[in-house]
Amino acid sequence: MQKKRLLFFIVCVVLCIQFSAVSAQNGDVVGTARYTDIVAYVNNRPIASYNVNGYTVIVAEELVHYGFLVEWNESDRSLWIVRNPEAETIEGMSGVCSYGQHDGLKYADILETDIRTYVNGNQVTGFNIGGQTMIYLNSLTCVGVVKWNAEDRAAELVLGGISMIEKPPVYEGEIPYEVDPYRPMVALTFDDGPFPYTTERILDTLQYYNSRATFYVVGSNVRAYPEIAKRLGEQNMQIGSHTFNHIKLTEASDGVIAEEIIATDQATREVIGVGTSTMRPPYWVSNERVRRVAGLPVVTWSVDTLDWQNKNADVIFDTVVNNVRDGDIVLMHDTMNCTADAVARMVPALIDAGFQLVTVEEMAAARGWTLEPGVLYSKIY
Ligand code: NI
């Protein structure tokens, strides 16, 4: 009996060790690396980079092209990085985008790693991203000077003893925007604008994080603030109809409903260059007659911030960040400072949580949904 127990114990231990070894190899997801518009340089030669926890990370193995020796030690699964004393110039790598993004990926999983990484013999934090070991650029401060160049939005490593090259021109074209249908996404929506200052602040945040949202505009505001309305189009936001005069459609005649929808569509076509392809009725009231006459898909929401009522950026932020799930549609108003305040914090928080911020139509398309006229949609799942 004792022997059997001992045998059972040994078998358990062996199984546990094997299981943990297997799970480490599979690599559990422990975080998200995300797109960065920050360019990283070594002596002005661009090097591919990601953003992890707000810091620039680079591929350790690629440092062999940037004046380093990188050696893999199989016996204890460690990676050793030291300055290459023979390096006279920095060759760099071709094909590194000068806006810092690696291979056009917007997000990448950070996987658990059992590899230990050393710089000059000191252990540094290493990440497994796509099977490559990445380290913070800051981990190289013991071998060179790492500085932040605010003007170029660049993280720069300067190695002494190796000449600087002339910095290549910074990429100024459009940063690619792609929706990955296999990653979580959420559609932020804003009613009642466009409106001076508050809509612009929200657009600033969305622009900074290369993200999109849907704006249910009031036609008369599009006419009143054409410059702000134009910016919605320039940043590829989706435009929806919130009627021309913000009226209660259930109390309007068929003729007035049609007029309100057509006038708003005309305004956005003329000012922004795109029509309204979905609608959200003011005061959130509609019925079958309204939906039939309006002839557009009706988009409501699955997360209500109640921003118009609480007027509190912390409450708005918490409501979204604590409740949102893949496929949700979030209701806000781009006419209030508290909402703009909340959005400035919410957008990076949602991206860090792994969400892509997309338009309602992009989310529907990514999930294979066709939005039908007269049908009500509160979420895409
Ligand atoms: Ni409204």
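The coordinates are above.
1. Brief notes about the coordination of the nickel ion
Coordination of the nickel ion by the protein is provided by D192 (OD), H242 (NE2) and H246 (NE2), with metal-donor distances spanning 2.1 Å. Taken in sequence order, the residues that donate to the nickel ion follow the motif D-x49-H-x3-H. For H242, a relative accessible area of 2% puts it in the buried group.

2. Overview of the side chain of S241
Note on placement: S241 falls in strand β17 (residues 238–241). Contact partners of S241, with chain neighbours within four places excluded, come to Y216, V217, I261, T264, T276, T278, M279, R280 and L296.

3. Some remarks on the sheet that holds strand β13 (residues 145–149)
Pairing in this open sheet of four strands is mixed, and the strands run β3-β2-β14-β13 from one edge to the other. Two strands bound the open sheet, and with one partner strand each, they are β3 (45–47) and β13. Each strand axis lies, on average, 30° off the axis of its neighbour in the sheet, ignoring direction. Alignment of β13 against strand β14 (residues 154–158), held across five bridges, turns out to be antiparallel. Across the sheet, residue K147 finds its bridge partner in β14, namely E156.

4. Considering the pattern of salt bridges
Under the defined criterion, the tally for this structure stands at 13 salt bridges. Where D109 meets R183, a salt bridge forms, and the shortest distance between an N and an O atom there is 3.4 Å. Remark: R183 occurs in the loop between β14 and β15 (185–191) and D109 occurs in strand β8 (residues 107–111); sequence separation between them is 74 residues. Note on D109: relative accessible area 33%, which makes it partly exposed. On the basis of relative accessibility, which here comes to 13%, the residue R183 falls in the buried class. The partner of K230 in a salt bridge is E227, and the shortest N-O contact between them spans 3.3 Å. With K230 and E227 both in helix α4 (residues 226–234) and three residues apart, the pair spans about one turn of that helix. K230 sits in the partly exposed class, given a relative accessible area of 34%.

5. Topic: the packing of aromatic side chains
Taken as a whole and assessed by the stated rule, the structure comprises nine aromatic pairs. On the numbers, 5.2 Å between centres and 85° between planes, the contact of F127 with Y136 is edge-to-face. Here F127 and Y136 have matching classes, each one buried. With 6.1 Å between their ring centres and 45° between their planes, W284 and W308 make a pair best called tilted. A residue pair is termed long-range when its members are at least 10 positions apart, and W284 in the loop between α5 (254–271) and α6 (288–294) and W308 in helix α7 (residues 307–310) qualify at 24 residues. Take W284: its relative accessible area is 33%, and that puts it in the partly exposed class. Here W308 falls in the partly exposed class, since its relative accessible area comes to 37%. Taken together, the ring pairs in this structure connect Y55, F127 and Y136 into an aromatic cluster. Seen from the ring of Y283, K248 lies directly overhead, with NZ or CZ sitting 5.7 Å from the centre. Between the NZ or CZ atom of R345 and the centre of the ring of F317, over which it lies, the distance is 4.4 Å.

Cut-offs and rules
- Every chain begins its residue count from 1, and numbering advances along the sequence as written.
- Local features are withheld for residues below a pLDDT of 70 in this predicted model, meaning they are given only at 70 or higher, and side-chain atom pairs are given and counted only at 80 or more; totals for whole chains, interfaces and linings count all residues.
- Working from all heavy atoms in the structure, the side-chain values ignore hydrogens and water.
- Each metal site lists N, O and S donors within 2.8 Å (3.2 Å for Na, K and Ca). With water left out of the atoms, a site can look as if it is missing ligands.
- Only protein chains enter the accessibility calculation, which uses a 1.4 Å probe; a residue is then buried when its area is under 20% of its type maximum, exposed when over 50%, and partly exposed in between.
- To qualify as a helix, a DSSP run of H or I must reach at least 4 residues; to qualify as a strand, a run of E must reach at least 2; elements of each kind are numbered from the N terminus.
- Should any heavy atoms of two residues lie within 4.5 Å, those residues are considered in contact.
- Being paired, for any two strands, means DSSP has found at least two bridges between them.
- Geometry is summarised by axes, namely lines fitted to C-alpha atoms with helices restricted to the contacting stretch, and by angles between N-to-C directions that run from 0 to 180 degrees.
- By salt bridge we mean one thing: a side-chain nitrogen of Lys or Arg within 4 Å of a carboxyl oxygen of Asp or Glu.
- Ring pairs shown here join Phe, Tyr and Trp side chains whose ring centres sit within 6.5 Å, with only the six-membered ring taken for Trp; geometry is labelled stacked below 30 degrees between planes, edge-to-face above 60, and tilted in between.
- Put simply, a charge is over a ring when the Lys NZ or the Arg CZ is close to the ring centre, within 6 Å, and near the line of the ring normal, within 35 degrees.

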